[in-house]
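Here is what each chain is made of, one letter per residue.
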Amino acid sequence: LLCASAYAAFTGWGVPAQRTCLMLLAACLLRLSGKRWPWRVQLLLAAAVVVAFEPWALLQAGFWLSFVAVGILFLGDEDKNASKADDVSALGTTRPWYQPLLRFVQVQGRISWALAPLSLLLFHQFSLVGIVANLLAIPLVTFVITPLALLGTLLPSLWPLAASVLGLLIAFLQWCQSWPYALIYSAATPLWLGLAAIIGAIVLLVPRAGWWRWLGLPFVIATLLYRPATPAVGEFEALALDIGQGNAVLLRTSTHSLLYDTGPSYGNGNSAGQRVVVPLLRALGTVPDAVVVSHKDADHSGGAAAVLAAFDKAQVY
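Here is what the cut-offs are and how they apply
- Residues numbered from 1 in each chain as written.
- Predicted model: local features only at pLDDT ≥ 70, side-chain atom pairs only at ≥ 80, totals over all residues.
- Heavy atoms only, no water.
- Patch = residues over 30% accessible without salt bridge, like charges linked within 9 Å, V, L, I, M, F, W, Y side chains within 5 Å.
- Areas by Shrake-Rupley, 256 points an atom, 1.4 Å probe, with all protein chains shown as cover.
- Salt bridge = Lys/Arg side-chain N within 4 Å of Asp/Glu carboxyl O.
- Helix = DSSP H or I, 4+ residues; strand = E, 2+ residues; numbered from the N terminus.
- Buried < 20%, exposed > 50% of the residue type's maximum accessible area, 1.4 Å probe, protein only.
- Pairing = 2+ DSSP bridges.
- Core = buried A, V, L, I, M, F, W, Y, C linked by side-chain atoms within 4.5 Å.
- Contact = heavy atoms within 4.5 Å.
- Phe/Tyr/Trp six-rings, centres within 6.5 Å; stacked < 30°, edge-to-face > 60°.
- Lys NZ or Arg CZ within 6 Å of the ring centre and 35° of its normal.

**Side note on a nonpolar patch on the surface**
Together, Trp56, Leu58, Leu59, Trp64, Leu122 and Phe123 give the surface a local cluster of nonpolar side chains, amounting to about 670 Å² of exposed area. Considering the arrangement of structural elements, one finds Phe123 in helix α5 (residues 99–123).

**Some thoughts on the pairing of strand β5 (residues 257–260)**
Here β5 shows a clear split, with Ser257 and Leu259 buried on one side and none of Leu258 and Tyr260 buried on the other. Here 4 bridges tie strand β4 (residues 249–252) to β5, and the two strands are oriented antiparallel to one another. Considered in β5, the bridge of Leu251 is made with Leu258. As consecutive antiparallel partners, β4 and β5 are separated by 4 residues.

**What about the nonpolar core?**
Membership of the largest hydrophobic core comes to 24 residues, with the highest contact counts inside it found for Val50, Phe63, Phe67, Val68, Ile72, Ile111 and Leu115. Of all elements in the fold, only α2 (15–32), α3 (39–53), α4 (61–86) and α5 reach the threshold of two or more residues within this core. Here Val50 is in contact with Arg19, Leu22, Met23, Ala57, Phe63 and Phe67, once residues within four sequence places are set aside. Judged by nonpolar contacts, the second largest core, of 14 residues, contains Ala248, Ala272, Val278 and Ala314.

**Details of the packing of aromatic side chains**
Tallied over the entire structure, the rule returns 5 aromatic pairs. Judged by centre distance (5.2 Å) and plane angle (15°), the ring pair of Trp39 and Phe74 falls under stacked. Here Trp39, found in helix α3, pairs with Phe74, found in helix α4; they are 35 residues apart in sequence, far enough to count as distant. Since its relative accessible area comes to 16%, Trp39 is described here as buried. On the basis of relative accessible area, Phe74 is assigned to the partly exposed category, the value being 29%. Considering the side-chain rings of Phe172 and Trp175, the 6.1 Å spacing of their centres and the 45° angle between planes classify their relative orientation as tilted. Of this pair, Phe172 and Trp175 both sit in helix α7 (residues 158–177), separated by 3 residues, roughly a single helical turn. Its end group placed over the ring of Tyr185, Arg282 keeps NZ or CZ at 3.5 Å from the ring centre.

Structure (structure tokens):
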């Protein structure tokens, strides 16, 4: 706990670091009291402590992502312990050299699978290459980049080495990002369907469960296949987007959609296209057939680059 608190203070005492220290504090106090609660109750206690200190955490995506991920790690430990208890024949033998690596891949796969519905619910997108990226990023950041960066406070000559390793990692991540279907998008689902998908994904990961675990699969698939209702045949829908100064209007029929103007540019590479228009189109599950830019004024064309980068098959007028 002292090491974690010192590291959190050294790195700026950000909200995720505070949350981690509070979780560790709850676990340490529980252990020091001599109690041995089940991990589910310990996790719930840690969540209660975090919310007591930071009530708004319930509205932060990081709160739910972190606690679900930690829960999946505990589930994996249950599975591992059960396997050890059953595998009597393995006593006295040496584990294969690749078993820790296989275990790491399995854990990453479990976490990615469990967080996929949650990511779709919160962000309407999910990275298919996340598992591959994390296989290198997690150990490299944990055991190489972060230690070198910290030791650099004593030996500044280590900082260029840390920067070089980080540059190689960024190049690898950019290569992963260029893969086909590296990122998949989903329309915004109703809350009940998103929660059902999360529960379904967790049910699929319950260790040593029977055939009934596969009952969770339809809920996960339903989230990916969900599409919001479109206007009825013969009708149209006009959505005036709240982008501040300027114009951005989405016209939709039952089979087509047209975006008229793309909102303003906010400077520093940001625009209404990036912040408002593209996320809304993703949430609606809409791919515009055409984009009309009325004139070159920045209030109307400032978001065009972001929109056309996201939907490069749209006809431009």
